[in-house]
Amino acid sequence: MIIQKTSNSRIQNLDKDNISFGSTFIDHMLVCEYENGKWGEVRIMPYGSFSFSPAMMCLNYGQACFEGMKAYKDQKGQVFLFRPEKNFERINKSAKRLAMPEVTREMFVEGLKALVDIDRAWIPQGEGFSLYIRPLIFATEEALMARESNKYMFAIIASPAKAYYSAPVSVLISDYYSRAANGGIGFAKAAGNYAAAFYPTQLANEAGYEQIIWTDDATHGYFEESGTMNVFVRVEDTIYTPPVSERILDGITRDSFIELAKRRGMEVVVDKIPVQFVINAHKEGTLKEIWGVGTAVVSNRFKAMGYKGERLTLPLLSDEESYAENLKKELIGIQSNQQEDPFGWRVLVEEGVAHK
Ligand SMILES: *Cc1c(COP(=O)(O)O)cnc(C)c1O
């Protein structure tokens, strides 16, 4: 690993209480280039821009995927990653599906630890603060040929994030557009999956909804995901979530919520969720809450859902009554070392690890 430190730190500009998510970056980034069939040396260098050709293949053919994860600082200043092996496995699943080279554990996990260690001062301390980390792989060959690229870049960038209250959102149940299809790339964190979701989301916004509940492409009869999050439905005191599949991304927050709920003795059913089941539960008054989960906001409750021209209002439970809020609190407690970690999910970033 080559480490080239900046002589021009920007950290004095960091205003912890006025961070806008994803637009301030730490002093350094990690990069590694792939050429002639192999990855080169991992470099940690000052954060900055690259110059690329408009013929760069990722721009033309969309060969790009990424991860989203966080690092947390506890009250003593110790820094932790959360289940980084899961992100490592997932980026390689995405890479494989997009015909891109897989990255090594050394590049991903060890590189990540070194980068976070070097810029640990950028991780804000305090309840709910974190460092949002974005590893990505993209095709860099300059060639207008519709085939997989011969050159790639792996990069890790990171952005300090504050605790933000995510107000309950209204969602539109999709009866036409689909996020994913069997045989497609829905399980991969492909950049193009996001591009494909923006237009239907704009239409939902125009109809008065903030997000879309994606349903299965074949029948639009089953809940799949919510925006870019996995979805949970609570009817009475049972929690339902669909199984991950070719179309449903294997979210690490989803998996963590299931484990936490089970440990608390809550009833969790991992099975297909018919839209009609949710609509009926709403009619009968047994639908208690619906929420989405993902790394960025952890969980976000719904206040209303649109279905076939009707707007159905959901009850708003108090934070104490809400499973979504209770599980979120527990998960953040584990992530930020305020709570015991019975699952071994936290990974300490040792001080000075970058120089070992
Ligand atoms: C990233 C992502 C999620 C959430 O995954 P986490 O690992 O929990 O952050 C869910 N659905 C989609 C489509 C995603 O891209």
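About the cut-offs
- Residue numbers run consecutively from 1 along every chain, following the written order of its sequence.
- Only residues with pLDDT of at least 70 get local features here, since the model is predicted, and only at 80 or more are side-chain atom pairs given and counted; chain-wide, interface and lining totals rely on the full set of residues.
- To get the side-chain values, take all heavy atoms of the structure and skip hydrogens and water.
- The distinction between a cavity and a pocket rests on a 1 Å grid over the protein atoms alone: a 1.4 Å probe fits inside a cavity but cannot get out, while a pocket stays open yet meets protein on both sides within 12 Å along at least five of seven lines, and a residue with an atom within 4 Å of a point counts as lining.
- Grid points are joined across faces, edges and corners, and a volume is the space filled by probe spheres set on the points.
- Numbering of helices and strands runs from the N terminus, with a helix taken as a DSSP run of H or I at least four residues long and a strand as a DSSP run of E at least two residues long.
- Residues are grouped as follows: Ala, Val, Leu, Ile, Met, Phe, Trp, Tyr, Cys and Pro are nonpolar; Asp, Glu, Lys and Arg are charged; every other residue, Gly included, is polar.
- What marks off one domain from the next here is an automatic or database domain assignment.
- Residue exposure (1.4 Å probe, protein chains only): buried if accessible area is under 20% of the type maximum, exposed if over 50%, otherwise partly exposed.
- Residues are labelled near a given molecule or strand when at least one of their non-hydrogen atoms is within 4 Å of it.
- The term polar contact refers here to a pair of N or O atoms within 3.5 Å; inside protein, the definition further demands a hydrogen-donor-capable atom paired with an acceptor-capable atom, and it admits residues adjacent in sequence only when both atoms are side-chain atoms.
- In this description, accessible areas are obtained by the Shrake-Rupley approach with a 1.4 Å probe, and a residue is regarded as covered only by the protein chains that are shown.
- Each molecule is assigned to a cavity or pocket provided more than half of its atoms lie within 2 Å of the corresponding grid points.

Draft legend 1. Layout of the layout of surface pockets. Here the largest pocket defines a volume of roughly 800 Å³. At the level of elements, β8 (130-139), α4 (191-206), β11 (211-215), β12 (222-226), β13 (229-235), α5 (252-263) and β17 (287-294) are the ones that each hand at least two residues to the lining of the largest pocket. In terms of residue count, the dominant contributor to the lining of the largest pocket is α4 (five residues). Looking at side-chain class alone, the lining of the largest pocket contains 17 nonpolar, 14 polar and five charged residues. In this structure, the lining of the largest pocket is formed jointly by two domains, domain 1 (2-163) and domain 2 (169-335), each of which donates at least three residues.

Draft legend 2. Geometry of empty space enclosed by the protein. Evaluation of the coordinates by the stated rule reveals one cavity of 30 Å³ or more. If you add up the space inside the largest cavity, you get close to 120 Å³. In terms of lining residues, the largest cavity is bounded by 13 residues, among which Phe82, Ile252, Thr253, Thr295 and Gln335 are the most central. Within the residue set of the lining of the largest cavity, elements represented by two or more residues are β6 (69-73), α5 and α7 (323-335). If one sorts the elements of the lining of the largest cavity by residue count, β6 sits on top with three residues. Split by residue class, the lining of the largest cavity holds six nonpolar, six polar and one charged. When residues of the lining of the largest cavity are assigned to domains, at least three fall in each of domain 1 (2-163) and domain 2 (169-335).

Draft legend 3. Region of interest: unusual backbone geometry. Although it is not a glycine, asparagine 36 adopts a positive phi angle of roughly 50°. Summarising the element assignment, asparagine 36 is placed in the loop between β2 (28-35) and β3 (38-39). The backbone phi angle of histidine 220 is positive, close to 55°, even though this residue is not glycine. Relative to the helices and strands, histidine 220 resides in the loop between β11 and β12. Judged by its relative accessible area of 14%, histidine 220 falls in the buried class.

Draft legend 4. The arrangement of the site of the ligand in detail. The immediate surroundings of the ligand are formed by 14 residues, with Lys189, Tyr194, Glu225, Thr253 and Thr295 found nearest. Arginine 90 places a side-chain nitrogen or oxygen 2.8 Å from an oxygen atom of the ligand. In this structure, glutamate 225 approaches the ligand through a side-chain N or O atom, which is 2.5 Å from a nitrogen atom. Alone, the ligand offers 390 Å² of accessible surface; in the complex the protein occludes 95% of this. Counting atoms within 2 Å of the grid points, the majority share of the ligand lands in the largest pocket. Secondary-structure elements contributing two or more residues to the shell around the ligand are β13 and α5.

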